[in-house]
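# Remarks on the overall topology
The lines below spell out each chain.
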Amino acid sequence: LLNDAINLSEVVVKERASDENIKKVMGGVDQLAIKEIKRLPAFMGETDVIKSLLTLPGVRSAGEGVGGLNVRGGNADQNLILQDNILFFNPTHALGFFSLFQPDLVENVRLYKGNMPAKYGGRLASVLQTNSVTGDRTSWKINGGIGAVSSKIAFQGPIIKDRLTIAAGGRLST
């Protein structure tokens, strides 16, 4: 038996590299993973992509009963809203209670508040770019929920294993 004390050195486990944020300079860009968005407090239990952006600095609501965002003093019509490079003019439904994005079908969200790439044109306030999930290549997954305000369902899976997938969903509000 050893009666002497043994000092061990400290072990630090990190999710990201310590210098990840300085490898590439991207000022004015916020990127959120859907996992982060789902952890935020939700209005009546409903996770919402647009409302989650209100937690970012420089982003404000367009007003009561109105959907949309005011970014860095701009108006809601000065934003470009894209999902998989498809343009949307109105990002909300039901007087701003729900965004058009079904959270179970969104993979990530990127908000450009400055230094917008030229490919997005001359928007004054911001560009909101979201990407949809591509579907699971190996197995079927179904997500859903029944809430006080709305019910939703989303499914994804292979049509032809490892080659062709589908991801679809819907939401119904009362």
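See the structure printed just above.
Now for a description of the structure that goes with this document. (Residues numbered from 1 in each chain as written. Predicted model: local features only at pLDDT ≥ 70, side-chain atom pairs only at ≥ 80, totals over all residues. Heavy atoms only, no water.)

What follows covers the overall build of the protein. Check the secondary structure of the protein and you find three helices and twelve strands. Residue burial in the protein is summarised as follows: out of 174 residues, 33% are buried. If you sum the accessible surface of the protein, you get close to 11,700 Å²; carbon and sulfur atoms cover 54% of it. (Helix = DSSP H or I, 4+ residues; strand = E, 2+ residues; numbered from the N terminus. Buried < 20%, exposed > 50% of the residue type's maximum accessible area, 1.4 Å probe, protein only. Areas by Shrake-Rupley, 256 points an atom, 1.4 Å probe, with all protein chains shown as cover.)

Bringing empty space enclosed by the protein into the picture now. Under the criterion given, the structure shown has one cavity of 30 Å³ or more. As a volume, the largest cavity reaches approximately 50 Å³. In terms of lining residues, the largest cavity is bounded by Asp104, Leu105, Val133, Lys141, Ile142, Asn143, Ala154, Phe155, Gln156 and Ala167. For the lining of the largest cavity, the secondary structure elements donating two or more residues are strand S10 (141–146) and strand S11 (150–160). Residue composition of the lining of the largest cavity, by class: six nonpolar, two polar and two charged. (1 Å grid on protein atoms, 1.4 Å probe; cavity = no way out; pocket = protein on both sides within 12 Å on 5 of 7 lines; lining within 4 Å. Points joined across faces, edges and corners; volume = space filled by probe spheres on them. Nonpolar A, V, L, I, M, F, W, Y, C, P; charged D, E, K, R; others polar.)

In this section: unusual backbone geometry. Its identity is not glycine, yet Asn85 carries a phi of approximately 65°, on the positive side. Its location among the elements puts Asn85 in the loop between strand S4 (79–83) and strand S5 (86–88). Note on Asn85: relative accessible area 60%, which makes it exposed.

A few words now on the pairing of S11. Where S10 meets S11, six bridges bridge the pair, whose relative direction is antiparallel. Each bridged residue has a counterpart across the sheet, and for Gly144 the counterpart in S11 is Ile153. Counted along the chain from S10 to the antiparallel partner S11, the turn is three residues long. By the bridge criterion, ten bridges tie S11 to strand S12 (residues 164–173) in an arrangement that is antiparallel. Directly across from Ile153, in S12, lies its bridge partner Gly170. Between S11 and S12, which follow one another and run antiparallel, lie three residues, and Asp162 among them has a positive phi close to 65°. (Pairing = 2+ DSSP bridges.)

Our next topic: the nonpolar core. Leu53, Leu56, Val59, Leu69, Phe101, Val109 and Leu128 are the most contacted members of the largest nonpolar core, which has 18 residues in total. Those elements that provide at least two residues to this core are helix H2 (34–39), helix H3 (49–53), strand S3 (69–71) and strand S8 (106–112). Not counting the four nearest positions on each side in its chain, Val59 is found in contact with Leu53, Leu54, Leu69, Asn70, Val71, Leu111 and Lys113. Formed by six residues, the second largest nonpolar core is a distinct cluster that contains Leu80, Leu82, Tyr112 and Val127. (Core = buried A, V, L, I, M, F, W, Y, C linked by side-chain atoms within 4.5 Å. Contact = heavy atoms within 4.5 Å.)

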